[in-house]
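What the coordinates show
Take a look at the letters that make up each chain.
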Amino acid sequence: MKTHFQKTLIYIMILSSALGRMNAQNTNDSVAVREPIQDSVTTASIQKNKLNYKSLIIPAVFIGYGVAGLSMDNLKRLNNSTRTEINEHQPARIKLDNYTQYAPAAIVYGLNAIGIKGKHNLRDRTIIYASSQLIAAAFTMPLKYLVKEQRPDGSNTLSFPSGHAATAFSSAQFMFREYKDTNFWLSISGYPFAIFTGVYRMLNDKHWLGDVVAGAGFGILSTELAYWLFPKIDNLLRGKKGKNTLSSTMVMPFYQNKTVGIGLVKNF
């Protein structure tokens, strides 16, 4: 008889494969192998980076479900029944979800370090990933204080949406976008870590189902927005004439009055 942990792993693998397939279809991208663009200072200019609205379908559905779960009685009952079902199995509570949320991004950097190149060079992918995390924080942090949903364990009122799930799914989407054109199965290998993180936020009694689903939506959306914004950020950092003006430009996150944002200082 399979243990609860084994069942969870099977569930994660099924969901991750399905999510990867839906992502590939919604972005209308080929999964055929192509030569990646590497270490070029014109990476952004080579690609016409338009926001593909199909890629927003999944995050919109996830976020919509999470928001609806805050007020719809049927979804509230589903949140409670899911928690009850979890508690009946009395799973061992582990803290791996604090680390697995970053695993896909760490894998991207590790693969590049051993020669398995992704779509962007070190500088470009770092800007993209940092942007995705800032955007995810800008979505989730203010909402936690505005919504004030109590956590299942009653520890505080910062349950909605799940920041861990947002970070995990933004990292998984980052891995998907970096490798989807060269190795599809490698590109979706970050989703098991993201789903594991979301599942264990519920197993650890820190989030309701709707919190995790919404967090996943915000995470995917954040990475999609980061890739769309990258050419604009890159042009700003380099300067209009293509000169590298990174030394005279500073981009930094800020947190003030429970609000997360991005600050820019540029010398002309």
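Residues numbered from 1 in each chain as written. Predicted model: local features only at pLDDT ≥ 70, side-chain atom pairs only at ≥ 80, totals over all residues. Heavy atoms only, no water.

Secondary structure summary: the protein contains eleven helices and two strands in total. Along the protein, from the amino end to the carboxyl end, the secondary structure elements read α-α-α-α-α-α-α-α-α-α-α-β-β. The proportion of buried residues among the 268 residues of the protein is 48%. (Helix = DSSP H or I, 4+ residues; strand = E, 2+ residues; numbered from the N terminus. Buried < 20%, exposed > 50% of the residue type's maximum accessible area, 1.4 Å probe, protein only.)

By size, the foremost hydrophobic cluster in this structure holds 23 residues, and its most contacted members are Ile128, Phe174, Met175 and Tyr179. When contributions to this core are tallied by element, the ones reaching two or more residues are helix H6 (103-113), helix H7 (122-147), helix H8 (163-179) and helix H11 (209-238). A total of eight residues in this core trace back to one element, the largest contributor, which is H11. Within the second largest apolar cluster, 20 residues are counted, among which are Ala194, Met202, Val212 and Ile220. (Core = buried A, V, L, I, M, F, W, Y, C linked by side-chain atoms within 4.5 Å.)

Next up on the list: H6. Regarding H6, the residues found buried are Ala103, Pro104, Ala105, Val108, Leu111 and Asn112. Here the buried face of H6 lies against helix H5 (97-100), H7, H8, helix H9 (184-187) and helix H10 (191-203). Looking one or two residues beyond H6, the residue adopting positive phi is Gly115, at roughly 100°. (Contact = heavy atoms within 4.5 Å.)

The next point concerns the environment of Tyr179. Here Tyr179 lies in helix H8. Taking the relative accessible area as the measure of exposure, Tyr179 reaches 1% and is therefore buried. Ignoring any residue separated from it by four or fewer positions in sequence, one finds Tyr179 in contact with Val108, Leu111, Asn112, Ile116, Lys117, Gly118, Phe184, Leu186 and Ser187.

Should the charged atoms of two oppositely charged side chains come close, the side chains can pair. Applying the stated criterion to the full structure yields nine salt bridges. Note that Asp234 is salt-bridged to Arg238, the shortest N-O span being 3.0 Å. Of this pair, Asp234 and Arg238 both sit in helix H11, four residues apart, roughly one helical turn. A relative accessible area of 3% places Asp234 in the buried class. Classification of Arg238 by relative accessible area gives buried; the value is 10%. Members of the salt-bridge network, linked through shared partners, are Arg123, Asp124, Asp234 and Arg238. (Salt bridge = Lys/Arg side-chain N within 4 Å of Asp/Glu carboxyl O.)

Locating Asp211 in the fold gives a position in helix H11. Buried charge Asp211 goes without a salt bridge, the closest partner of opposite sign being Arg151 at 6.6 Å. Residues in contact with Asp211, not counting those within four places in the same chain, are Glu149, Ser159, Phe160, Pro161 and Ser162. (Lys, Arg positive; Asp, Glu negative; His and termini not counted.)

What characterises a pair of aromatic rings is the spacing of the ring centres plus the angle enclosed by the ring planes. Under the criterion given, the structure shown has five aromatic pairs. Ring geometry for Phe176 against Tyr191: centres 6.2 Å apart, planes inclined by 45°, an arrangement best described as tilted. One end of the pair, Phe176, is in helix H8; the other, Tyr191, is in helix H10, with 15 residues separating them in the sequence. For the pair Phe196 and Tyr200, a centre-to-centre distance of 4.6 Å together with 25° between the ring planes defines the contact as stacked. Within this pair, Phe196 and its partner Tyr200 are both found in helix H10, separated by four residues, close to a single helical turn. One residue, Arg177, lies across the ring of Tyr227, its end atom 4.4 Å from the ring centre. (Phe/Tyr/Trp six-rings, centres within 6.5 Å; stacked < 30°, edge-to-face > 60°. Lys NZ or Arg CZ within 6 Å of the ring centre and 35° of its normal.)

When the pLDDT values of the protein are averaged, the result is 82; 70% of them are 70 or greater. The element-level mean pLDDT for the protein is lowest in helix H2 (residues 43-46), coming to 42, with H8 highest at 98. For the stretch residues 29-47, pLDDT sits under 50, and the model shows 40 contacts to residues farther than four places along the chain or on other chains. A low-confidence stretch, residues 244-248 stays under pLDDT 50, and its non-local contacts, those more than four residues away or across chains, total eleven contacts. (pLDDT = per-residue confidence, 0-100.)

One way to put it is that H7 packs onto H11 with a least axis distance of 7 Å and a crossing angle of 130°. Judged by the inter-axis angle, H7 sits oblique to H11. Crossing of H7 against H11: the hand is right-handed. When grouped by side-chain class, the residues that make up the contact of H7 with H11 number 15 nonpolar, five polar and four charged. (Axes fitted to C-alpha atoms, helices over the stretch in contact; angles between N-to-C directions. Parallel < 35°, antiparallel > 145°, perpendicular 65-115°, else oblique. Left-handed = near helix turned anticlockwise from the far one by under 90°. Nonpolar A, V, L, I, M, F, W, Y, C, P; charged D, E, K, R; others polar.)

As a further point, take the environment of Gln150. Relative to the helices and strands, Gln150 resides in the loop between H7 and H8. Residue classification places Gln150 among the partly exposed positions, given a relative accessible area of 47%. Measuring from C-alpha to C-alpha, the distance between Gln150 and His207 comes to 8.9 Å, with 57 residues separating the pair along the chain.

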